[in-house]
Amino acid sequence: MKHVVLALTLSFAIQGVFCQEELKLYEGKAPGSEDWTWSEAISTNNPFNTEVVYNVVDPSIIAYLPPKAAANGTAVVIAPGGAFHTLSINNEGRDVARWLNSKGIAAFVLKYRVARSYAEDPVTELMQKMGDFEALDKENEPIVPLAMADGLTAVKYVRDNADKFNIDPAKIGFMGFSAGGTLTMSVVYNADETNRPNFVAPIYAYEPAIIGSQIPAEVTPIFVAVAGDDQLGMMPFSINIYKKWHAAKQPAELHIYEQGGHGFGMRKQNITTDLWYEKYGDWLKMHGFMEAPKAPNTPFQRIPTPNDTLQSVLRNKQGHLTFNIYAPMAQEVKVTGDFSGGFPGLQLEKDFSGVWSATASTKAEPDLYTYDFTVDGIKTLDPKNNQFKESRDGFSNLFEVEGQENDFQTVKNVPHGKVEKVWYTSKSLDGALRRLHIYLPPGYDQRNKKDKLPVLYLLHGGGDNDASWNTAGRANVILDNLYAKGKLSPMIVVMPSGHTPVEGFFMGAGPQQDPFCQDFLNDIIPFVESNYAVSKKREDRAIAGLSMGGVQTLNLALWNPEVFGQVFPMSTGYFPPTIAEIKKEYTDIMANKNINTFTTFKIYMGGEVDIAYQNNINMMEMFDTFGIHYQYENGSYGHTFRAWRRNLYDLAPLLFKD
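Definitions and cut-offs
Residues numbered from 1 in each chain as written. Predicted model: local features only at pLDDT ≥ 70, side-chain atom pairs only at ≥ 80, totals over all residues. Heavy atoms only, no water. Helix = DSSP H or I, 4+ residues; strand = E, 2+ residues; numbered from the N terminus. Rg over C-alpha atoms; globule rule 2.2 N^0.38 Å. Buried < 20%, exposed > 50% of the residue type's maximum accessible area, 1.4 Å probe, protein only. Areas by Shrake-Rupley, 256 points an atom, 1.4 Å probe, with all protein chains shown as cover. Lys, Arg positive; Asp, Glu negative; His and termini not counted. Charge placed at Lys NZ, Arg CZ, Asp CG, Glu CD. Core = buried A, V, L, I, M, F, W, Y, C linked by side-chain atoms within 4.5 Å. Contact = heavy atoms within 4.5 Å. Patch = residues over 30% accessible without salt bridge, like charges linked within 9 Å, V, L, I, M, F, W, Y side chains within 5 Å. Salt bridge = Lys/Arg side-chain N within 4 Å of Asp/Glu carboxyl O. Pairing = 2+ DSSP bridges. Axes fitted to C-alpha atoms, helices over the stretch in contact; angles between N-to-C directions. Polar contact = N/O pair within 3.5 Å; in protein donor to acceptor, adjacent residues only side chain to side chain. Phe/Tyr/Trp six-rings, centres within 6.5 Å; stacked < 30°, edge-to-face > 60°. Arc of directions from axis to C-beta. Expected span 1.5 Å × (residues − 1).

A. Representation of the overall build of the protein chain in the model. On a plain count of helices and strands, the protein chain comes out with 15 helices and 30 strands. For 658 residues, the compact-globule estimate of 2.2 N^0.38 gives 26 Å, and the C-alpha radius of gyration of the protein chain, at 34 Å, exceeds that figure by more than 25%. Considered along the principal axes of its C-alpha atoms, the protein chain spans approximately 100 × 50 × 45 Å. Buried residues in the protein chain amount to 57% of all 658 residues. If you sum the accessible surface of the protein chain, you get close to 28300 Å²; carbon and sulfur atoms cover 51% of it. Counting 60 positive and 75 negative side-chain charges, the protein chain places the centres of these two groups 6 Å from one another.

B. Geometry of the nonpolar core. Grouped together as the largest cluster of nonpolar side chains are 89 residues, with contacts concentrated most on W276 and Y280. Sorting elements by how many residues they give to this core places helix α4 (residues 143–160) first, with 10 residues. Leave out the neighbours within four places in its chain, and W276 touches M175, F177, I203, F223, Y257, F264, G265 and M266.

C. Up close: a nonpolar patch on the surface. Together, L381, F388 and F395 line one region of the surface with nonpolar side chains, adding up to about 260 Å² of accessible area. We classify F395 as partly exposed; its relative accessible area is 38%.

D. A look at the sheet that holds strand β3 (residues 41–43). Pairing in this open sheet of three strands is antiparallel, and the strands run β3-β4-β7 from one edge to the other. Looking along the sheet, the strands with just one partner apiece sit at the ends: β3 and β7 (86–87). With three bridges joining them, β3 and strand β4 (residues 52–54) adopt antiparallel strand pairing. Along β4, the bridge assignment pairs S43 with V52. Strand contacts of helix α2 (residues 122–129): β3, β4 and β7, with the helix running at about 75 degrees to β4, the strand carrying the most contacts.

E. Structural view of the environment of H320. Take H320: it is sitting in strand β14 (residues 320–326). Residue classification places H320 among the buried positions, given a relative accessible area of 18%. Sequence spacing of H320 and A364 is 44 residues, and the spatial spacing of their C-alpha atoms is 5.7 Å. Contact partners of H320, with chain neighbours within four places excluded, come to L314, R315, T359, A360, S361, T362 and K363. Polar contacts involving the side chain of H320 include one to the main-chain carbonyl oxygen of A360, which spans 3.0 Å.

F. Fine view of the pattern of salt bridges. Scanning the model with the defined rule gives 26 salt bridges in all. For D150, the salt bridge identified is with R113, shortest N-O distance 2.8 Å. You can see D150 sitting in helix α4 and its partner R113 sitting in the loop between β8 (106–111) and α2, a full 37 residues away along the chain. Between E218 and R196 there is a salt bridge; the shortest N-O distance is 3.6 Å. Of this pair, E218 sits in the loop between β10 (199–203) and β11 (222–227) while R196 sits in the loop between α6 (179–190) and β10, placing them 22 residues apart in sequence. By relative accessible area, E218 is classed as partly exposed at 38%.

G. Here's a closer look at the packing of aromatic side chains. Evaluation of the coordinates by the stated rule reveals 37 aromatic pairs. Members of the aromatic cluster, connected to one another through ring pairs, are W99, F177, F199, Y204, F223, Y257, F264, W276, Y277, Y280, W283 and F289.

H. Geometry of the sheet that holds strand β30 (residues 631–634). Sheet architecture is open: eight strands sit in the order β23-β24-β26-β25-β27-β28-β29-β30, paired in mixed fashion. Here the strands that pair on one side only, and so sit at the sheet edges, are β23 (418–426) and β30. Neighbouring strand axes in the sheet, compared pairwise and without regard to direction, differ in orientation by 20 degrees on average. Here four bridges tie strand β29 (residues 600–605) to β30, and the two strands are oriented parallel to one another. Within β30, the position partnered with I603 by the bridge is Y632. Those strands touched by helix α9 (residues 475–484) are β23, β24 (432–440), β25 (455–459) and β26 (492–496), and its axis lies near 25 degrees from that of β24.

I. Helix α8 (residues 276–286), seen in detail. Listing the buried residues of α8 in full gives W276, Y277, Y280, G281, W283 and L284. Seen along its axis, α8 keeps its buried residues to an arc of 160 degrees; they face one direction. Facing away from the buried side of α8 by over 90 degrees, the exposed positions are K285 and M286. Where α8 is buried, its residues meet β6 (75–79), α1 (90–102), β9 (172–177), β10, β11 and β12 (252–257). G288 occupies a position one or two residues after α8 and carries a positive phi of about 80 degrees.

J. Structural view of helix α14 (residues 613–626). The first and last C-alpha atoms of α14 sit 20 Å apart over 14 residues, in line with the 20 Å expected at 1.5 Å per residue. Within α14, the full set of buried residues consists of N615, N616, M619, M620, M622 and F623. The arc enclosing the buried residues of α14, seen along the axis, measures out at 155 degrees, which places them on a common side. Where α14 is buried, its residues touch α11 (548–559), α12 (576–585), α13 (587–590), β29 and β30.

The quantities given are spatial measurements derived from coordinates; they are silent on function.
The structure is reproduced here in structure tokens:
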């Protein structure tokens, strides 16, 4: 019988790249159903809440082929269940095929002929019929032989085209679920040398509708699985099939699960049937049907894995983020970050291919987000993403959701400044070698060095370092875009390291308690003013900082108002003991009239959810008591760079205006 290709499509799945090829099993109309005039259809809105195929007229197989380098030569034809009225094409078809592919096995999902459905919801129509199995069997009686013919034809087609599919013609199996299990047994009982499967796996099969009973003389291993609480009573049939095979001295294995119900397939129920396919894999391996592929011919080749084509972060049509990481040996994976739902984080679930996934429950608006995978308790940098934030204790990954709201911090084709990584020696810190990041505006190298530029000192938070403002903070990108719009006066931006080699938590009152502040005043400012063409005037010097850097900003500016012209603390505030300390010991500092000569003293907050919100409220009340003038802007996004990037976008155009 001649077979023709119906269609060829390529699809890319999270688990890897699988070539899908749909092949029509018969040229022209299928024998025995030539007078069928209805058309195949798909139902998704049904009580099963899954995609089902019904009214199959032209039988076909959908080939799922693993990458050639990963293929081990074994193939399996898969017959989904559905009481010979529908086909559970995902749970008992495509998902099974993808799992087989992940093991190097070629899979062929069989769309066999089924009884005609007249309703738009074929599942509800079928469920009404399942109250009378005798009547249903009678209706299915002329259909089962046609389905069996489709199964036999499928095996023959796969075997005849073994070279095309890169498989061993002596390693072709057949498996099916429910009615597909019935079909599996009918195929193996009625096969000849050309279309006999080499191994079979009836999963919760319905035995009364099986055609034939002749067990092959050839060795044909069988794997049987069923749930003890199968609502349709399939357990005795599975036991009987196993007994017959065992009595014939054929290799046989039976698994009866305590729970799982009928149709467990590839569904997740958090019970032992969730991993029935792993037992099936062990059984295939035992019989030599899951041998590892041959080693690559050169050291520059390797066996593909699902990680090769994995996308770590995906955003669906509803705007929800899905996180994925390949960690086949892991026991637990979590993801945290500043996306909605990122704290305390999401627990990921592992699929059959070793890929862990989780989807956030709320929409991710256009923005730049951080995320961290934790694999078995160890923070793990995403190996599939080269966008990262550098912080004090390591790295976090970044993911950008494009959109108009994100325009201000998106890299564009505009003139760009440059960021220098600079080292200096700190005398204040006993000669410690220290690092700065310095942003120089577009065209800096072409400027007349006699024209002195103003300086913004931009401080990071407690969990960050001097690189954070240019990774998660995107300071250079934000400034580039503002320059391109003509909104900035030329300036350089100095981003120092706020942590020092000195142990301790230095959030008290005044710069004398913080080794960084001593380094800043005695080493950083002199270094910058000696090595760059910058102004030394007070009005040409501004300081801004977030969280810990916000307290450092306050300590430096309030205690030294003659040094800075503009001051911008973000998401910060003195702790209650520090406020008490200031009121007791530093009333003279707070009463300094020079504080109210700042050109701008603007305080930013990330909304009521910002962890520093109450400290800030308390601090502003103290400022009010001392008559300190300030501006206040309470925004959104909490204690994250999502807020601080917007703060920078707001404050930068305020700087150094004539």
